[in-house]
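Coordinate analysis (summary)
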Amino acid sequence: QVQLVESGGGLVQPGGSLRLSCAASGFTSDDYYIGWFRQAPGKEREGVSCIRRSDGSTRYADSVKGRFTVSRDNAKNTVSLQMNSLKPADPAVYYCAANTGSLYEGIWYLRYEYDYWGQGTQVTVSS
């Protein structure tokens, strides 16, 4: 069974950085997608970034382009989200999610495209 466990959330000042990790296990295929989503209180869960395990291709929401970087370590079965220049708009619970089938990459940001979810990790940006 697929399991996803996020870590690395915390409190950071505006302009600061955090690195989130998603430990993935239980996959039966070497090709799958890991998406990062976030949900702030009272808001919809939104796609932040996505990476394909096989070729490392990535996608980003416009709101985080140039600030966030997603990467994978296939040997360790982890996916990381490096978040730099954090803004007051970034605080949320961040989730990683997996698509183990086929993903139409044009809609990578839709939560319904993902089959498995982690428990989430809180990111707070405050001075």
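Preceding this section is the structure that the text describes.
The structure reproduced in this document is the subject of the present report. (Residues numbered from 1 in each chain as written. Predicted model: local features only at pLDDT ≥ 70, side-chain atom pairs only at ≥ 80, totals over all residues. Heavy atoms only, no water.)

**Observations regarding the packing of aromatic side chains**
Stated precisely, the cut-off is as follows: Two rings from Phe, Tyr or Trp (for Trp, the six-membered ring) form a pair when their centres are within 6.5 Å of each other. A pair whose planes differ by under 30 degrees is stacked, one over 60 is edge-to-face, and the rest are tilted. Put simply, DSSP H or I for four residues or longer makes a helix, DSSP E for two residues or longer makes a strand, and each gets a number counted from the N terminus. Only protein chains enter the calculation, and the probe is 1.4 Å; a residue is then buried if its accessible area is under 20% of its type maximum, exposed if over 50%, and partly exposed in between. In our convention, an over-ring charge means Lys NZ or Arg CZ found within 6 Å of a ring centre and within 35 degrees of that ring's normal.
If you walk through the whole model with that rule in mind, you get six aromatic pairs. Taken together, a centroid distance of 5.0 Å and an interplanar angle of 80 degrees make the contact between Phe37 and Tyr114 edge-to-face. You can see Phe37 sitting in strand β4 (residues 33-39) and its partner Tyr114 sitting in the loop between β9 (92-99) and β10 (116-117), a full 77 residues away along the chain. What makes Phe37 buried here is its relative accessible area of 0%. Ring centres of Tyr114 and Trp117 lie 6.3 Å apart, and the angle between their planes is 65 degrees; this geometry places the pair in the edge-to-face category. In this structure Tyr114 comes out as buried when scored by relative accessible area, which is 5%. Note on Trp117: relative accessible area 28%, which makes it partly exposed. An aromatic cluster is present here, built from Phe37, Tyr95, Tyr114 and Trp117 joined pairwise through their rings. Against the face of Tyr95 rests Arg45, its NZ or CZ located 3.8 Å from the ring centre. One residue, Arg45, lies across the ring of Trp117, its end atom 4.9 Å from the ring centre.

**Re the environment of Leu86**
The test is simple: The contact rule is simple, with two residues in contact once any of their heavy atoms fall within 4.5 Å.
For Leu86, the position within the fold is in the loop between β8 (78-83) and β9. Distance in space between the C-alpha atoms of Leu86 and Ser57 is 23 Å, their sequence separation being 29 residues. When sequence neighbours within four positions are dropped, the list of residues in contact with Leu86 reads Val12, Pro14, Gly15, Gly16, Ser17, Leu18, Arg67, Phe68 and Val125.

**Overview of the sheet that holds strand β7 (residues 68-73)**
Cut-off, in case you're wondering: DSSP-based pairing: two strands are paired if at least 2 bridges between them are found. Axis definition: a line fitted to C-alpha atoms, limited for helices to the stretch in contact. Angles are taken between N-to-C directions and run from 0 to 180 degrees.
If you trace the four strands from one edge of the open sheet to the other, you get β1-β3-β8-β7, paired in antiparallel fashion. Among the strands making up the open sheet, the edge pair consists of β1 (3-7) and β7. The mean angle between the axes of side-by-side strands here comes to 15 degrees, regardless of whether they run parallel or antiparallel. In this sheet, β8 lies alongside strand β3 (residues 18-25) in antiparallel orientation, the contact comprising six bridges. Its bridge partner lying in β8, Ala23 is registered against Thr78.

**Overview of the pattern of salt bridges**
Put simply, the test is: Salt bridge, as used here: a side-chain nitrogen of Lys or Arg that lies within 4 Å of a carboxyl oxygen of Asp or Glu.
This model, assessed by the stated rule, comprises seven salt bridges. The closest approach of N and O atoms between Glu105 and Arg59, which form a salt bridge, is 2.6 Å. Placement of the pair is Glu105 in the loop between β9 and β10 and Arg59 in strand β6 (residues 58-60), with a sequence separation of 46 residues. Residues Asp62 and Lys65 are paired through a salt bridge, measuring 3.3 Å at the closest nitrogen-oxygen approach. Where salt bridges share partners, they join Asp31, Arg52, Arg59 and Glu105 into one cluster.

**A short note on the pairing of β7**
Bridge analysis of β7 against β8 gives six bridges, and the strand direction is antiparallel. The partner of Phe68 across the bridge, within β8, is Met83. Between the antiparallel neighbours β7 and β8 lie four residues, among them Asn77 with a positive phi of about 55 degrees.

**Section: the state of the cysteines**
Applied cut-off: Any two cysteine sulfur atoms lying within 2.5 Å of each other are counted as a disulfide.
Taken as a whole and assessed by the stated rule, the structure comprises one disulfide. Covalent S-S linkage joins Cys22 and Cys96, the inter-sulfur distance amounting to 2.1 Å. Handedness here is read from the sign of the S-S torsion; for Cys22 and Cys96, about 70 degrees, the answer is right-handed. Of the two residues, Cys22 is situated in strand β3 and Cys96 in strand β9; the sequence distance between them amounts to 74 residues. Cys50 takes part in no disulfide bond, and the closest cysteine sulfur to it belongs to Cys22, at a distance of 12 Å.

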